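Working through the structure, step by step
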Amino acid sequence: MNPYITGLKCTKCHQIYKINEVKTTCPHCQDEGILDVLYDYKTLKEFFNKPYLDTLQDKTMFRYKLLLPIDDTHISEMLSIGGTPLYSSNHLHHLLKIKQLYIKDDGQNPSGSLKDRASAIAVLRAIEEGHHTVSCSSTGNAASSLAAQAARIGLKSYIFVPKRAPVGKLSQLLIYGAHVISVDGDYNETYHLSKLAIEHFGWYNRNAAINPYLVEGKKTVALEIAEQLHFNPTDWVIVSVGDGCTIAGVYKGFYDLKQLGLISKIPKLLGVQSDGCNPLVKAFESNQSLKPVEENSLADSISVGVPRNPIKALYAIKHSEGFMIDVSDEKILEAMTLMGKHEGIFSEPAAAAALAGLIKAIDLKIIKHDQSVTIINTGNGLKDPKNAQLATKPPLLMKPDLNELIKHIEQKGDQ
Ligand SMILES: *Cc1c(COP(=O)(O)O)cnc(C)c1O
Ligand SMILES: [Zn+2]
């Protein structure tokens, strides 16, 4: 384990535990007592600075290993995770009339989503703790990324998915050799079965919220965004929200950098959900605790009726002076086509929700035209070809005849 970690703090009752005292959540608060990893920023601050980062050869997420809950024994055996590009938008910022827009393309991770950052930590912790099998329940991406990382490092994986999981993600699981249990139920029921099975068999638990270490992996996306922008991050960072671990991770990354004196301000975080499944938006708006909702969105990765990490997610929104909004599935599909057509980036629906959220936030004047924005593309569109078809018109079908083609193009222009 990283020697700069000083303990684990309950986000509910604020009790502090030693690293080996607890495995998942706070014993007093149970499932609601999600733990936060504490670091010795004072010591780290003495050398964790720009000159130190400039000496590092590693461009993957493990360049930040001193801010991660792992030791470095097996890092060299891992796939290349993180170090994804941060593109300055070529066209979208004109279209949306905002000053500056960046797109962090985490669809380029090995299994095609940001979840690889968390699964990497899961398999390394599993090895450190002497496990041979890892397990999780997931709407898709946590599962496919865990299966990939487990295969790479030589662990067995048992994966629970709701039967609605898209075909691309399911295919990934099977190709990576995971033991897949497709549950005839919603995500909540799937999660519950995985919890019971993990307890029964003693597998390593990669369920994102209750495992305090996974958010630490996810935070590397924020560390990278900040470093790629020379420690002047944008006014806003936008990310879609399901369980709430990703947005909590993004906050934690910026928080670390602020503690280390590398950035002066944490960007405002805009969390986006689908209006077909928006429990955290409702909790944010009403300022009340979370109420479970149905899962009626085609953005499967954020269709989470009972989010597992509401405290950390809402803390991130509040303490960054950010906002939560929801968007319709129709706008999500439209955002997918905008991202593809104007920037050449193929997003899955949950990832495109971030762009749909940006468009709505500009309309509502939550985000101003003179502000700068980063959106995180959390997952690759190839994972979900069915919804891509839903977002677009079918291609033109014609005989292999040049005259017919000429007629068509002259009539329609090059649209
Ligand atoms: C998991 C996921 C999210 C949301 O992350 P949470 O931690 O569940 O809030 C967003 N987009 C994609 C593509 C994801 O896979
Ligand atoms: Zn507690």
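Refer to the structure printed above.
1. Points about the overall build of the protein chain
Regarding its fold elements, the protein chain presents 16 helices and 13 strands. Projected onto the principal axes, the alpha-carbon positions of the protein chain cover approximately 75 × 45 × 45 Å. The contacts in the protein chain between residues at least 6 apart in sequence include a share of 72% that link residues at least 24 apart. Counting only carbon and sulfur atoms, one obtains 52% of the accessible surface of the protein chain, whose full area is about 18300 Å². Both charge centroids of the protein chain, one from 45 positive and one from 45 negative side chains, sit 3 Å from each other.

2. Observations concerning the sheet that holds strand E11 (residues 268–274)
Across the sheet, which stays open at both edges, the six strands sit in the order E4-E5-E13-E10-E11-E12 with mixed pairing between neighbours. Strands with a single pairing partner mark the edges of an open sheet, and in this sheet they are strand E4 (86–88) and strand E12 (323–327). Taken over all neighbouring pairs, the strand axes of this sheet differ in orientation by 25 degrees on average, direction set aside. As defined by bridge partners, strand E10 (residues 236–240) adjoins E11 across five bridges and the pair is classed as parallel. Bridging from a neighbouring strand, Ser240 pairs with Val272 of E11. Contacts from helix H11 (residues 279–286) reach E11 and E12 within the one sheet, and its direction differs from that of E12 by about 135 degrees.

3. Remarks on the packing of aromatic side chains
Taken as a whole, this structure holds 10 aromatic pairs when the rule is applied. Between Tyr39 and Tyr41, the aromatic rings sit 6.1 Å apart at their centres with planes inclined by 40 degrees, giving tilted as the arrangement. In this structure, Tyr39 and Tyr41 share a single accessibility class: buried. When the centroid spacing of 5.7 Å and the interplanar angle of 85 degrees are considered together, the rings of Phe47 and Tyr52 count as edge-to-face. In this structure Tyr52 comes out as buried when scored by relative accessible area, which is 17%. The rings of Tyr39, Tyr41, Tyr251, Tyr255 and Tyr315 are connected pair by pair, giving a single aromatic cluster. Over the ring of Tyr213 we find Arg125; its NZ or CZ atom is 5.1 Å from the centre of that ring. The ring centre of Trp236 lies 5.9 Å from the NZ or CZ of Lys268, which sits over that ring.

4. Focus: helix H7 (residues 187–201)
The terminal C-alpha atoms of H7, which comprises 15 residues, lie 21 Å apart, in line with the 21 Å expected from a rise of 1.5 Å per residue. Tyr187, Thr190, Tyr191, Ser194, Ala197 and Ile198 are the residues of H7 that are buried. Mapping the buried residues of H7 onto a view down its axis gives an arc of 130 degrees, with all of them on the same face. Across from the buried face of H7, at angles greater than 90 degrees, the exposed residues are Glu199 and His200. Residues of H7 that are buried in the fold lie against strand E6 (133–137), strand E7 (156–162), strand E8 (179–183) and strand E9 (204–205). Between the side-chain oxygen of the N-cap and the backbone nitrogen of Asn188 there are 3.1 Å, and the N-cap of H7 in question is Asp186. Gly202 sits one or two residues past H7 and shows a positive phi near 70 degrees.

5. What about the site of ligand 1?
Taken together, 16 residues surround ligand 1, and among them Lys115, Asn141, Gly242, Thr246 and Thr378 come closest. One of the side-chain N or O atoms of Lys115 is found 2.8 Å from an oxygen atom in ligand 1. Within the side chain of Ser240, a nitrogen or oxygen atom sits 3.4 Å from a nitrogen atom of ligand 1. Protein contacts shield 97% of the accessible area of ligand 1, which totals 380 Å² for the unbound molecule.

6. Focus: the sheet that holds E6
Spatial ordering of the open sheet is given by E8-E7-E6-E9, a layout of four strands whose pairing is parallel. This sheet does not close on itself; its edge strands, each paired only once, are E8 and E9. Pairing geometry for E6 and E9, over two bridges, is parallel. The partner of Ser135 across the bridge, within E9, is Asn205.

7. Things to note about the pattern of salt bridges
Inspection of the entire model under this criterion finds 21 salt bridges. Put simply, Asp31 and Lys195 hold a salt bridge, and the shortest N to O gap is 3.6 Å. Note that Asp31 is positioned in the loop between strand E2 (16–17) and strand E3 (35–39) and Lys195 in helix H7, a separation of 164 residues in sequence. Of the charged contacts, one joins Asp106 and Arg117 as a salt bridge, the two residues approaching to 2.7 Å between their closest N and O atoms. Note that Asp106 is positioned in the loop between strand E5 (100–105) and helix H4 (116–128) and Arg117 in helix H4, a separation of 11 residues in sequence. Considered together, Asp106 and Arg117 belong to a single accessibility category, that of buried residues. Three or more residues joined by partner-sharing salt bridges are found here, namely Asp36, Glu216, Lys219, Lys252, Asp256 and Lys312.

8. Looking at the coordination of the zinc ion (ligand 2)
Any two of four tetrahedral donors ideally make an angle of 109.5 degrees at the metal, while pairs among six octahedral donors ideally make 90 or 180 degrees. Within the protein, the zinc ion (ligand 2) binds to Cys10 (SG), Cys13 (SG), Cys26 (SG) and Cys29 (SG); these donor distances fall in the range 2.3 to 2.4 Å. Here the zinc ion (ligand 2) binds four donor atoms, and the angle range of 107 to 111 degrees at the metal identifies the geometry as tetrahedral. Relative accessible area serves as the criterion here: at 19%, Cys29 is assigned to the buried category.

Parameters at a glance
- All residue numbers here refer to positions counted from 1 along the written sequence of the relevant chain.
- Chains carry letters from A onward and ligands carry numbers from 1 onward, assigned in written order.
- The predicted origin of the model limits local features to residues at a pLDDT of at least 70 and limits the giving and counting of side-chain atom pairs to 80 or more, whereas totals for whole chains, interfaces and linings rest on all residues.
- Side-chain metrics rest on all non-hydrogen atoms present in the structure, leaving aside hydrogens and water.
- Runs of E in the DSSP output that reach at least two residues are strands. Runs of H or I that reach at least four are helices, and both are numbered from the N terminus.
- Whether two residues touch is decided by their heavy atoms; if any such pair falls within 4.5 Å, the residues are in contact.
- Per-residue and other accessible areas were derived by the Shrake-Rupley procedure at a 1.4 Å probe size, with only the shown protein chains allowed to occlude residues.
- Under this rule, positive means Lys or Arg and negative means Asp or Glu; His and the chain ends count for nothing.
- Each charge is placed at NZ for Lys, CZ for Arg, CG for Asp and CD for Glu.
- Only strands joined by at least two bridges in the DSSP assignment are considered to pair.
- The axes used here are C-alpha line fits, helices contributing only the stretch in contact, and every angle between their N-to-C directions lies in the interval 0 to 180 degrees.
- What counts as a ring pair is set by centres within 6.5 Å for rings of Phe, Tyr and Trp (its six-membered ring), and what kind of pair is set by the plane angle: stacked under 30 degrees, edge-to-face over 60, tilted for all other angles.
- Buried, partly exposed and exposed residues are distinguished by accessible area as a fraction of the type maximum, computed with a 1.4 Å probe on protein chains only: under 20%, between the cut-offs, and over 50%, respectively.
- For a ring to carry a charge above it, either NZ of a lysine or CZ of an arginine must fall within 6 Å of the ring centroid while also lying within 35 degrees of the normal to the ring plane.
- Any helix carries an expected span of 1.5 Å times its number of residues minus one.
- Directions pointing from the helix axis toward each C-beta atom define the arc.
- Each polar contact in these results corresponds to two N or O atoms within 3.5 Å; when the atoms are within protein, one needs to be able to donate a hydrogen and the other to accept it, and residues that are neighboring in sequence are counted only if both atoms are side-chain atoms.
- Note on definitions. A residue lies near a molecule or strand when any single heavy atom of the residue is within 4 Å of it.
- Here a salt bridge means any side-chain nitrogen of Lys or Arg lying within 4 Å of a carboxyl oxygen belonging to Asp or Glu.
- In this listing, donors mean N, O and S atoms no farther than 2.8 Å from the metal, or 3.2 Å for Na, K and Ca; water is missing from the atoms, so a site can look incomplete.
- Any site counts as irregular unless it has four donors with all angles between 85 and 135 degrees, making it tetrahedral, or four or six donors with opposite ones more than 155 degrees apart and the rest between 65 and 115, making it square planar or octahedral.

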